[in-house]
Amino acid sequence: MNQRIWLSSPHLSGNEMKYIDDAFQKNWITSIGDNINGFEEDLKTYLGNNHQVIALNSCTSALHLALVMLDVNKDDEVICQSMTFSASANPIVYQGAKPIFIDSEPETWNICPIALEKAIKDRIVKGKIPKAIITVHLYGMPYKIDEVHAVADKYNIPIIEDAAEALGSSYKGKKVGTFGHFGTISFNGNKIITTSGGGVLVCQTQEDKDKTVFLATQARDNAPHYQHSNIGYNYRMSNIVAGIGRGQMEVLNHRVKARRAMHEFYLEVFNEIEGVTVFTEPSSDFYSNHWLSAILIDEKITGKTREELRLAFLEDYIESRPLWKPMHLQPIFADSPYYGGNVAEELFEKGLCLPSGSNLTDVDRLRIKAVIDKTF
Ligand SMILES: Cc1ncc(COP(=O)(O)O)c(C=O)c1O
């Protein structure tokens, strides 16, 4: 039987154990220590622009804390890109606030600035200014940052940039995750680099960093006994896990290069197949890490559906996945307001994510190509 080819699996550098051993040697088996400081410093240097980084136990926690930091409370409204993973939206509900979902535009598949402005105007007419906007860089593709931020600035609404999938991507030469009031990045097992599970919150000031660390470590007031004036969370990253992150940071540039090479591979494979489009940057302003390569299949031209290709891959133990099912189509968010047309819905119907790991081999690529050639 052929070995399974995964969509995106962990790809270790081999240096992770050095940092984990260090944590053991020093007995910092807790949520403080050199690995946490080192991992935060590595990311701070990588992201640039003097941003601050807080290591947490997941990107979902980072999104939640961003909402807490922006004082999002019960019955507030928070705008969120519909075409995303549920973790972008769930923290809105953790705060008792109400998600308002927005359609995508067809070029970057991310939040549509026109639908965004329509939504803001309508929510204001209905009596509430949205408290925050959660934008997403889907599969690593930067959203239309200039256009989206111009709308947000016009109405003075802070942006939380969900860059969970986009470490290594940039827009006009600046790393994503550093454009919003807050940015968040994920290091779960399927991301471009991993800590097994983990995330960071990116912020602009030391003051915001200190407050986030305080909230993430149970919000203990400065007293010899346990004193609490705020609700806290247990969201800090462990010093052992951060050691994996330090080992992974050493190879991040190689991982970006390899994912982008997978994208090039698919461009070549589908070049001759009419009716299949490979998800690609709309202009040189956009630089995607191509965390996941994805395609749209036009059934009218190809005579094939994304489901047929997915099942053909499955038969050869190759994993592929439909694009995220938009949040406004999810049962859990059936009652949430939605603004836009059917761009996200169509992407979901036609789109498939393809094996994209930085650890795929030439033999894997031959197997992938054989299934594609056979199907079309
Ligand atoms: C767009 C997006 N947001 C948020 C998350 C949540 O990240 P985590 O698993 O680190 O909580 C993920 C991935 O898991 C994601 O893809």
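Being a predicted model, the structure only gives us computed values, none of them experimental.

Q: Where do I start with the pattern of salt bridges in this structure?
A: A side chain of one charge can pair with a side chain of the opposite charge if their charged atoms are brought near each other. A full pass over the atoms with the stated rule returns 22 salt bridges. For the salt bridge of K144 with E105, the shortest nitrogen-to-oxygen distance reads 3.9 Å. With K144 in the loop between β4 (132-136) and α6 (145-154) and E105 in the loop between β3 (98-102) and α5 (113-125), this residue pair connects regions lying 39 residues apart in the sequence. For E105, a relative accessible area of 6% corresponds to the buried category. Overlapping salt bridges bring together D22, K26 and D34 as one network.

Q: Please clarify how the packing of aromatic side chains should be interpreted in this entry.
A: For any pair of aromatic rings, geometry is given as the distance between the ring centres together with the angle between the planes. The final tally for this structure, using the stated rule, is 12 aromatic pairs. Ring geometry for Y233 and Y235: centres 5.2 Å apart, planes at 25°, overall stacked. Accessibility classification places Y233 together with Y235 in one group, the buried group. Here F270 and F376 contribute two aromatic rings whose centre-to-centre distance is 6.3 Å and whose plane-to-plane angle is 80°, an arrangement assigned as edge-to-face. With F270 in helix α9 (residues 252-270) and F376 in the segment after α13 (362-375), this pair connects stretches of sequence that are 106 residues apart. With a relative accessible area of 3%, F270 lands in the buried category. Directly above the ring of W6 sits R4, whose terminal nitrogen or CZ lies 5.6 Å from the centroid. We note K174 situated over the ring of F179; from NZ or CZ to the ring centre the distance is 4.6 Å.

Q: Help me understand the sheet that holds strand β1 (residues 52-56) in this model?
A: Whenever strands of a sheet pair, they do so through backbone hydrogen bonds, lying parallel or antiparallel. Taken in spatial order, the 8 strands of this open sheet run β1-β9-β8-β5-β4-β2-β3-β14, and their pairing is mixed. Looking along the sheet, the strands with just one partner apiece sit at the ends: β1 and β14 (338-339). Sheet topology places strand β2 (residues 77-81) next to β3; 5 bridges connect them, and they run parallel. From the neighbouring strand, V78 faces β3, where its bridge partner is P99.

Q: Quick question: what am I supposed to make of the sheet that holds strand β12 (residues 293-297) here?
A: Across the sheet, which stays open at both edges, the 4 strands sit in the order β10-β12-β15-β13 with antiparallel pairing between neighbours. A strand with exactly one partner marks an edge of an open sheet, and here the two such strands are β10 (276-278) and β13 (321-322). When β13 meets strand β15 (residues 351-354), the two strands line up antiparallel, connected through 2 bridges. Bridge pairing in β15 places P322 opposite L352. Relative to the sheet, α9 contacts β10, β12 and β15, its axis offset from that of β10 by approximately 160°. In the packing of helix α12 (residues 343-350) onto the sheet, contacts are made with β12, β13 and β15, and the angle to β15 comes to roughly 55°.

Q: Any chance you could explain the nonpolar core here in plain terms?
A: Nonpolar side chains in soluble globular proteins generally cluster together in the buried interior. In this structure, I79, W109, L116, I133, Y139, L167 and L323 are the most contacted members of the largest nonpolar core, which totals 61 residues. Looking at this core, the element that brings in the most residues is helix α2 (residues 34-47), giving 5 residues. Look past the residues within four positions of I79 in its chain and what remains in contact with it is I100, I102, I111, L116, A119, I120, P130, A132, I133 and I134. One finds A66, V68, A164 and Y235 within the second-largest nonpolar core, a separate group that totals 31 residues.

Calculation criteria
Residues numbered from 1 in each chain as written. Predicted model: local features only at pLDDT ≥ 70, side-chain atom pairs only at ≥ 80, totals over all residues. Heavy atoms only, no water. Salt bridge = Lys/Arg side-chain N within 4 Å of Asp/Glu carboxyl O. Helix = DSSP H or I, 4+ residues; strand = E, 2+ residues; numbered from the N terminus. Buried < 20%, exposed > 50% of the residue type's maximum accessible area, 1.4 Å probe, protein only. Phe/Tyr/Trp six-rings, centres within 6.5 Å; stacked < 30°, edge-to-face > 60°. Lys NZ or Arg CZ within 6 Å of the ring centre and 35° of its normal. Pairing = 2+ DSSP bridges. Contact = heavy atoms within 4.5 Å. Axes fitted to C-alpha atoms, helices over the stretch in contact; angles between N-to-C directions. Core = buried A, V, L, I, M, F, W, Y, C linked by side-chain atoms within 4.5 Å.

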